[in-house]
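Close look at the chain arrangement
Each chain, letter by letter, is given below.
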Amino acid sequence: MQQAGFVVPKVGIDSLGLKNANNVYWNLQVPALYEEAIRRGEGVVADGGALVVRTGVHTGRSPNDKFFVEDSESRDRIDWGKTNKAISPERYRALYNRMTGYAQRRDLFVRDCWGGADPAHRIGVRVVTETAWHNLFARNMFLRPRPEELAGFKPDFTILNLPGFQADPARDGTASDCAILVNFTERVVAICGTWYAGEIKKSVFTILNYLLPDKNVLPMHASANIGPKGDVAIFFGLSGTGKTTLSADPNRTLIGDDEHGWGPQGVFNFEGGCYAKTIKLSAEAEPEIYAVATAAA
């Protein structure tokens, strides 16, 4: 693992059209990412040590801004409609090229991680961000490869996160200046126009939801825990309906609180941890999370 401030050659992101990027910081440790985030004015450190950042107008996901490239790979595999909206390969390429043009001569942070806790079904994900704090988010949310795995890490998908770049709806055919573009042929997710980091983790969920059914694994938007006798409980529900709270049972071991796969060998978490938004957090709606947050403060 590289130490604080270590800059590596740009091998591994050239294929994204980023060979002219400025400094590329690869798999930095937490202290280095904190230092970079503070030095660059990305956030502040609160009492207790938490890094606090602002996500601007986007405090949650932007489902209306998500598009899938419609081509021979995806055309017959996606249920197209209001939720799964298509973008042509030509429009995708034009917007993506402008995004990579924006990234040239900028510092970039790269994080290699696993999506999916089951080694038989996990995917390698390379997250490329223009900010240190988004890279720290990816490190917290996904499973971290061992040092020996990082040496020869080859990603199955790459996520390019450039919140400072904005799409042009009239030019790009997007719904707003925010866009999440999923290209299953090139195995790239390109995100722009939103500082909300949750788009990164939800993009990994989207990829796994697309791939896993072919491997006889059911992807589930659900929390899950396991009892002392090995009995697994799964809690389904829309976002904000209490999955995290219900699964945080002091008498059972938490598996995860958002998305899981259910395969022949059992249930496994897509993430390396749990994630709870603090916006509108209250003791009445989410008592366990509120208690932990206020205790830490």
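See above for the structure.
Predicted, not measured: the structure shown is a model, and the values here were computed from it. (Residues numbered from 1 in each chain as written. Predicted model: local features only at pLDDT ≥ 70, side-chain atom pairs only at ≥ 80, totals over all residues. Heavy atoms only, no water.)

**Here we look at the overall build of the protein**
Quick note on the threshold: Secondary structure elements are defined from DSSP: runs of H or I of at least 4 residues count as helices, runs of E of at least 2 residues count as strands, and each element is numbered from the N terminus. Restricting the calculation to C-alpha atoms gives the radius of gyration, and the globule rule supplies 2.2 Å times the number of residues raised to the power 0.38. Burial classification: accessible surface area is computed with a 1.4 Å probe over protein chains only, and a residue below 20% of its type maximum counts as buried, one above 50% as exposed, and the rest as partly exposed. Residue contacts are defined here by distance: any two heavy atoms, one from each residue, within 4.5 Å place the two residues in contact. Accessibility throughout is a Shrake-Rupley quantity obtained with a 1.4 Å probe, and a residue counts as covered only by protein chains that appear here. Note on charges: Lys and Arg go in the positive column, Asp and Glu in the negative column, and His and the chain ends are not counted at all. Each charge is placed at NZ for Lys, CZ for Arg, CG for Asp and CD for Glu.
In terms of helices and strands, the protein carries eight helices and 15 strands. Against the compact-globule benchmark of 19 Å for 297 residues, the protein has a radius of gyration of 19 Å, which places it among compact chains. Principal axes of the C-alpha set define a box for the protein whose edges measure 55 × 50 × 40 Å. Residues counted as buried form 47% of the 297 residues belonging to the protein. Look at the contacts in the protein between residues 6 or more apart in sequence, and 64% of them connect residues 24 or more apart. For the protein, the computed accessible surface area is about 14,400 Å², with 51% contributed by carbon and sulfur atoms. Charge centroids of the protein, computed over 33 positive and 34 negative side chains, lie 3 Å from each other.

**Examining the nonpolar core**
Going by this rule: What we call a nonpolar core is a set of buried Ala, Val, Leu, Ile, Met, Phe, Trp, Tyr and Cys residues that are connected through their side-chain atoms within 4.5 Å.
Counting residues in each nonpolar core, the largest one holds 39 residues, and the members touching the most others are V125, I159, F184, V189 and I200. Within the residue set of this core, elements represented by two or more residues are α1 (30-39), β6 (108-115), β7 (123-129), α3 (132-141), β8 (157-162), β9 (179-183), β10 (188-192) and α6 (198-211). In contact with F184, not counting residues within four places along its chain, are F68, E73, I78, F157, T206, I207 and Y210.

**Regarding empty space enclosed by the protein**
Our working rule: With a 1 Å grid laid over protein atoms only, a set of points is called a cavity when a 1.4 Å probe fits there but cannot get out and a pocket when it is open yet has protein on both sides within 12 Å along at least five of seven lines; lining residues have an atom within 4 Å of a point. Grid points are joined across faces, edges and corners, and a volume is the space filled by probe spheres set on the points. Each residue gets one label: Ala, Val, Leu, Ile, Met, Phe, Trp, Tyr, Cys and Pro are nonpolar, Asp, Glu, Lys and Arg are charged, and the others, such as Gly, are polar.
The full count for this structure, using the stated rule, is one cavity of 30 Å³ or more. Estimates place the volume of the largest cavity at around 50 Å³. Around the largest cavity, the lining residues are R61, S62, P63, K66, I180, E199, K202 and S203. Element by element, the count of residues in the lining of the largest cavity is highest for α6, at three residues. For the lining of the largest cavity, the residue count by class is two nonpolar, two polar and four charged.

**Topic: the packing of α1 against α3**
Note the cut-off: Note on definitions: angles span 0 to 180 degrees between N-to-C directions of axes, and those axes are lines fitted to C-alpha atoms, for helices only across the stretch in contact. Each angle gets one of four labels, with under 35 degrees taken as roughly parallel, over 145 as roughly antiparallel, 65 to 115 as roughly perpendicular, and the rest as oblique. Handedness of each helix crossing follows the sense of rotation of the near helix against the far helix: counterclockwise by less than a right angle gives left-handed, clockwise gives right-handed.
In the contact formed by α1 and α3, the axes pass within 8 Å of each other and the chain directions differ by 150°. Classed by the angle they form, the pair α1 and α3 counts as roughly antiparallel. Regarding α1 and α3, the two cross each other, and that crossing is left-handed. On α3, the residues that touch V30, L33, Y34, E36 and A37 of α1 are A132, W133, N135, L136 and R139.

**Some words on the pattern of salt bridges**
Using the following cut-off: Salt bridges are counted wherever a side-chain nitrogen of Lys or Arg sits within 4 Å of a carboxyl oxygen of Asp or Glu.
Within the structure shown, the criterion is met by 16 salt bridges. Note that D214 and R77 form a salt bridge whose closest N and O atoms lie 2.9 Å from each other. Of this pair, D214 sits in the loop between α6 and β11 (218-226) while R77 sits in the loop between β4 (66-69) and β5 (85-87), and the two are 137 residues apart along the sequence. You can call D214 exposed: its relative accessible area is 58%. By relative accessible area, R77 is classed as partly exposed at 40%. When the shortest N-O distance is used, the salt bridge between R146 and E149 registers 3.4 Å. Salt bridges linked by common partners bring E36, R39, R40 and D107 together as one network.

**Let's talk about the packing of α3 against α6**
Helices that pack against each other are described as a pair by the angle of their axes relative to one another and the distance between those axes. One can describe the packing of α3 onto α6 by two numbers: an axis separation of 9 Å at closest approach and a directional angle of 45°. The angle between α3 and α6 places the two elements in the oblique class. Read as a crossing pair, α3 and α6 show a hand that is right-handed. Residue-level inspection shows H134, F137 and M141 of α3 in contact with α6, the latter providing G198, I200 and K201. Of the residues in the contact of α3 with α6, the class split is three nonpolar, two polar and one charged.

**Topic: the side chain of H134**
We count it as follows: For the purposes of these results, a polar contact is taken to be a pair of N or O atoms within 3.5 Å, where, inside protein, one atom must be able to donate a hydrogen and its partner to accept one; residues adjacent in sequence count only when each atom of the pair is a side-chain atom.
The topology assignment puts H134 in helix α3. A polar side-chain atom of H134 sits 2.5 Å from a polar atom in the side chain of T131. Not counting chain neighbours up to four residues away, the residues in contact with H134 comprise T129, N161, P163, W195, A197 and I200.

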